[in-house]
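These are the residues of each chain, in order.
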Amino acid sequence: YLGVQSMILWPQLAERLGIDVAAGALVQSVEPDSPAEDEGLDPGDETIDFQGQPDIPSNGDVIVAVDGNRLTRTEDLSDVIGGRSEGDKVVLTVLRVGDSRRVTITLGRRPLGSGP
């Protein structure tokens, strides 16, 4: 359990947001008291409407890789995290407003009814 809700970052959206990557997981929200919150992942505080979809985060984090493996499909982040266990460590490559950083997160226990 990571504790984020995310959406796919496709090339047109990346261009609109000024992000220089073709794919990734755009962080939409971070669950309180989650491993993601503990390590400072952030959806940002601004949103845009794009191609009929409202409230797309525009200045927060984009996860582009997990353990050095680039995210390329909609379900990549969920697949990678879902295949891990509580206590496993993952290294996320995260973009925030043009800066890239690596964050090591220890996965937690998934609360009932939560996302990846």
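Heads up: these notes are all about the structure in this document. (Residues numbered from 1 in each chain as written. Predicted model: local features only at pLDDT ≥ 70, side-chain atom pairs only at ≥ 80, totals over all residues. Heavy atoms only, no water.)

### Here's the deal with a negative patch on the surface
Applicable threshold: Patch members must show over 30% relative accessible area and no salt bridge, and they are joined within 9 Å when carrying like charges or within 5 Å when they are nonpolar side chains of Val, Leu, Ile, Met, Phe, Trp or Tyr. The protein chains shown are the only cover counted for residues, whose accessible areas, like all others here, come from Shrake-Rupley with a 1.4 Å probe. The working definition used for a salt bridge is a side-chain nitrogen of Lys or Arg within 4 Å of a carboxyl oxygen of Asp or Glu. The charge count includes Lys and Arg as positive and Asp and Glu as negative, but it does not include His or the ends of the chains. Where a charge sits is defined by one atom per residue type, namely NZ (Lys), CZ (Arg), CG (Asp) or CD (Glu). Secondary structure elements follow DSSP: runs of H or I no shorter than four residues count as helices, runs of E no shorter than two count as strands, and numbering proceeds from the N terminus.
Negative charge collects at one region of the surface, where Asp 33, Glu 37, Asp 38 and Glu 39 lie side by side. Tracing the chain through its elements places Glu 39 in the loop between α2 (35-38) and β3 (47-50).

### Considerations on the side chain of Thr 93
Heads up, the condition is: Residue exposure (1.4 Å probe, protein chains only): buried if accessible area is under 20% of the type maximum, exposed if over 50%, otherwise partly exposed. Pairs of residues are marked as contacts when any of their non-hydrogen atoms sit within 4.5 Å.
Checked against the element boundaries, Thr 93 lands in strand β7 (residues 89-96). With a relative accessible area of 15%, Thr 93 lands in the buried category. The residues contacting Thr 93, other than those within four sequence positions of it, are Val 62, Ile 63, Val 64, Ala 65, Ser 100, Arg 101 and Arg 102.

### Some remarks on the pattern of salt bridges
The full count for this structure, using the stated rule, is 4 salt bridges. Of the charged contacts in the structure, one is a salt bridge between Arg 101 and Asp 61, with a shortest N-O distance of 3.7 Å. Taken together, the residues span a long stretch of sequence, with Arg 101 in strand β8 (residues 99-106) and Asp 61 in strand β5 (residues 61-66) at a distance of 40 residues. Of the residues examined, Arg 101 reaches a relative accessible area of 29% and is grouped as partly exposed. Across the salt bridge formed by Asp 67 and Arg 84, the nearest N and O atoms sit 2.7 Å from each other.

### Regarding the packing of aromatic side chains
Rules: In this scheme Phe, Tyr and Trp rings, the latter by its six-membered ring, pair at centre separations within 6.5 Å, and the angle between planes marks the pair as stacked below 30 degrees, edge-to-face above 60, and tilted otherwise.
All told, the structure shown has 1 aromatic pair when counted by the stated rule. Taking the centre distance of 6.1 Å and the plane angle of 35° together, the rings of Trp 10 and Phe 50 count as tilted. Pair noted here: Trp 10 is in the loop between β1 (4-8) and α1 (11-17) and Phe 50 is in strand β3, with a separation of 40 residues, a long-range link. Owing to a relative accessible area of 14%, Phe 50 belongs among the buried residues under this scheme.

### So, unusual backbone geometry
Most peptide bonds take the trans configuration, and most residues that are not glycine carry a negative phi. Of note in this structure, Asp 33 is not a glycine but carries a positive phi near 60°. Of note in the backbone geometry, Gln 51 takes a positive phi value of approximately 50° without being a glycine. Residue placement: Gln 51 occurs in the loop between β3 and β4 (53-57). Owing to a relative accessible area of 59%, Gln 51 belongs among the exposed residues under this scheme.

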